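Residue-level listing of the chains:
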Amino acid sequence: MIAESGLSCQPFVEFLMLAAGVTFCHSLAVRAAYGAITGQSSAMQTLYSLLERIALSESTVLIQGENGTGKELVARAIHADSARNDRPFVVQNCSALNDNLLDSELFGHRKGAFTGAVSDRRGLFEAAHEGTLFLDEIGDMSPALQVKVLRVIQEGTFIPVGDTSSRRVDVRLIAATNRDLKAMVASGEFREDLFYRIHVINLAIPPLRDREGDLELLVDRFLASHARGRAAKKLSDGCMALLCGYFWPGNVRELENEIERLVVLAGTSRIIDESLLSPRIRDAANRREGNPRSLTWAVENLEREMIAAALERHRGNKTQAARELEVSRRNLIRLVHKYNLDRPRQ
């Protein structure tokens, strides 16, 4: 018998299934990171899959997402996996400069082109020649500059400020924005032709609140990065529970800033207590007690009652209560702290 021989019978079974017209698939390994990007939620697995497919292409990419979601990290990951990875990766935030300065920054200028132009200066498109140029917040770019960027994408040429002859570059463009470019096209704020030129491949970066389970991974990473050669600090269960329940409008950037703040305020203490959290995070937890007419309040109130009842039945034993509620013990501990249900074991 095959089973008795010590050999796996799975290939034979799969052959019979294929012969019968039955299809099946193998589970894919879950990735915890892609380059400097951290996360193992289903939303991030989808993103990683897209990144693997587009990195080796030369297509223009538009990255969309809220502030603080890590759009530049994604752009750097695309460049690092591309055939241009040994060439420059150049970054410019289009909202950081006014129109004239941004024009000079991107396309360069000739000496005497304007007051203060004391010498020739090459722009970022030339600096990124044969590499990648990442234009963050491209939705804040003026229509006049949109025309010049469109020409570079289509023809590979541009004219520096104050010059009369064009120059040629080979640059892969990656753009990013937190604005609704389709709505801006409809209102005439953004050129339709440029929108379709940068929208060849569109990547939507999920907000932190939609990345279930990633917050704990990110917290561990940020605690380690701020350890500075010492043992990394840890968050108390109550502190982690409040972080997990927060909406994170500033996304990963806001989380990293909060962890850095907690590490500093904790001083020599190894465990970071929830009392050190920023008031906005603690206040958000208090507001959840709020409106009894809201669906969120009703769901959380029912969740609280079920957990309290299970803990009561099992005399505070979280392992048994978690088994009854069919949740992980770690998740139950988080919810217990979230609803202030902790009690000493009997």
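Residues numbered from 1 in each chain as written. Predicted model: local features only at pLDDT ≥ 70, side-chain atom pairs only at ≥ 80, totals over all residues. Heavy atoms only, no water.

Notes on the overall build of the protein chain
(1) Moving on: Each helix and strand in the protein chain was counted, giving 15 helices and 11 strands.
(2) Moving on: By residue count, 40% of the 346 residues in the protein chain fall in the buried class.
(3) Moving on: For the protein chain, restricting intrachain contacts to residue pairs at least 6 apart in sequence, the fraction spanning at least 24 positions comes to 66%.
(4) Moving on: Carbon and sulfur atoms form 51% of the exposed surface of the protein chain, whose accessible area is close to 19,300 Å². (Helix = DSSP H or I, 4+ residues; strand = E, 2+ residues; numbered from the N terminus. Buried < 20%, exposed > 50% of the residue type's maximum accessible area, 1.4 Å probe, protein only. Contact = heavy atoms within 4.5 Å. Areas by Shrake-Rupley, 256 points an atom, 1.4 Å probe, with all protein chains shown as cover.)

Let's talk about the environment of Q40
(1) Moving on: Tracing the backbone through its elements, the reader meets Q40 in the loop between strand 2 (37-38) and helix 2 (42-54).
(2) Moving on: Overall, the relative accessible area of 38% leaves Q40 in the partly exposed class.
(3) Moving on: For Q40, the contacting residues outside a window of four places in its chain are V30, R31, A32, Q45, D214 and L217.

Observations concerning the pattern of salt bridges
(1) Moving on: On inspection of all chains with the given rule, the structure shows 18 salt bridges.
(2) Moving on: Where R179 meets D140, a salt bridge forms, and the shortest distance between an N and an O atom there is 2.8 Å. Linking R179 in the loop between strand 8 (172-177) and helix 7 (181-186) with D140 in the loop between strand 5 (132-136) and helix 6 (143-155), this pair joins segments that are 39 residues apart in sequence.
(3) Moving on: Among the salt bridges present, the one from R280 reaches E254, with a minimum N-O distance of 2.9 Å. Of this pair, R280 sits in helix 12 (residues 279-287) while E254 is found in helix 11 (residues 251-266), placing the two residues 26 residues apart along the sequence.
(4) Moving on: Since its relative accessible area comes to 37%, R280 is described here as partly exposed.
(5) Moving on: The structure contains a network of salt bridges with shared partners spanning E254, E258, R261 and R280. (Salt bridge = Lys/Arg side-chain N within 4 Å of Asp/Glu carboxyl O.)

Comments concerning the environment of D193
(1) Moving on: Tracing the sequence through the fold places D193 in helix 8 (residues 192-198).
(2) Moving on: Judged by its relative accessible area of 31%, D193 falls in the partly exposed class.
(3) Moving on: Here the alpha-carbon distance between D193 and L150, two residues 43 residues apart in the chain, equals 7.8 Å.

Considering the packing of helix 13 (residues 295-313) against helix 14 (residues 318-325)
(1) Moving on: Running from N to C, helix 13 and helix 14 point in directions that differ by 130 degrees, and their axes come no closer than 9 Å. Classified by the angle between their axes, helix 13 and helix 14 sit oblique to one another. The hand of the helix 13/helix 14 crossing is right-handed. Every residue of helix 14 that contacts helix 13 at M306, I307, A310, L311 and R313 is listed here: K318, A321, E324 and L325. (Axes fitted to C-alpha atoms, helices over the stretch in contact; angles between N-to-C directions. Parallel < 35°, antiparallel > 145°, perpendicular 65-115°, else oblique. Left-handed = near helix turned anticlockwise from the far one by under 90°.)

Some points on the state of the cysteines
(1) Moving on: Under the defined criterion, the tally for this structure stands at zero disulfides.
(2) Moving on: You can see C244 has no disulfide; the closest cysteine sulfur is in C239, sitting 9.7 Å from it. (Disulfide = S-S within 2.5 Å.)

Let's talk about the sheet that holds strand 5
(1) Moving on: The five strands are arranged 4-5-8-3-9 in an open sheet whose pairing can be described as parallel. Looking at the sheet topology across the chains shown, the edges are occupied by strand 4 (89-93) and strand 9 (201-204). The mean angle between the axes of side-by-side strands here comes to 20 degrees, regardless of whether they run parallel or antiparallel.
(2) Moving on: Note that strand 4 and strand 5 share five bridges and pair parallel. (Pairing = 2+ DSSP bridges.)

Comments concerning the layout of surface pockets
(1) Moving on: Here the largest pocket defines a volume of roughly 840 Å³.
(2) Moving on: At the level of elements, helix 9 (214-225), strand 10 (234-235), helix 10 (237-245) and helix 15 (329-338) are the ones that each hand at least two residues to the lining of the largest pocket.
(3) Moving on: A volume near 400 Å³ is recorded for the second largest pocket.
(4) Moving on: As for the second largest pocket, its lining consists of 23 residues, of which G68, T69, G70, K71 and L73 are closest to the centre. (1 Å grid on protein atoms, 1.4 Å probe; cavity = no way out; pocket = protein on both sides within 12 Å on 5 of 7 lines; lining within 4 Å. Points joined across faces, edges and corners; volume = space filled by probe spheres on them.)

A word on helix 14
(1) Moving on: Among all positions in helix 14, only K318, A321 and A322 are buried. Each buried residue of helix 14 lies within a common arc of 100 degrees when the element is viewed along its axis, so the set occupies one face.
(2) Moving on: Looking at the buried side of helix 14, the elements it contacts are helix 13 and helix 15. (Arc of directions from axis to C-beta.)

Here we look at unusual backbone geometry
(1) Moving on: The backbone of E137 shows a phi angle near 55 degrees, a positive value even though the residue is not glycine.
(2) Moving on: Mapped onto the secondary structure, E137 falls in the loop between strand 5 and helix 6.
(3) Moving on: In this structure, W248 takes a positive phi of about 55 degrees despite not being glycine.
(4) Moving on: Looking at the secondary structure, you find W248 in the loop between helix 10 and helix 11.

Quick look at the nonpolar core
(1) Moving on: Counting 29 residues, the largest nonpolar core has L106, F107, F125, L133, L135, M141 and I198 as its most contacted members.
(2) Moving on: The set of elements that each furnish at least two residues to this core consists of helix 4 (99-107), helix 5 (124-127), strand 5, helix 6, strand 8, helix 7 and helix 8.
(3) Moving on: Broken down by element, the residue count for this core peaks at five residues, all from helix 6.
(4) Moving on: By size, the runner-up hydrophobic cluster in this structure holds 23 residues, among which are L215, L218, L262 and L277. (Core = buried A, V, L, I, M, F, W, Y, C linked by side-chain atoms within 4.5 Å.)

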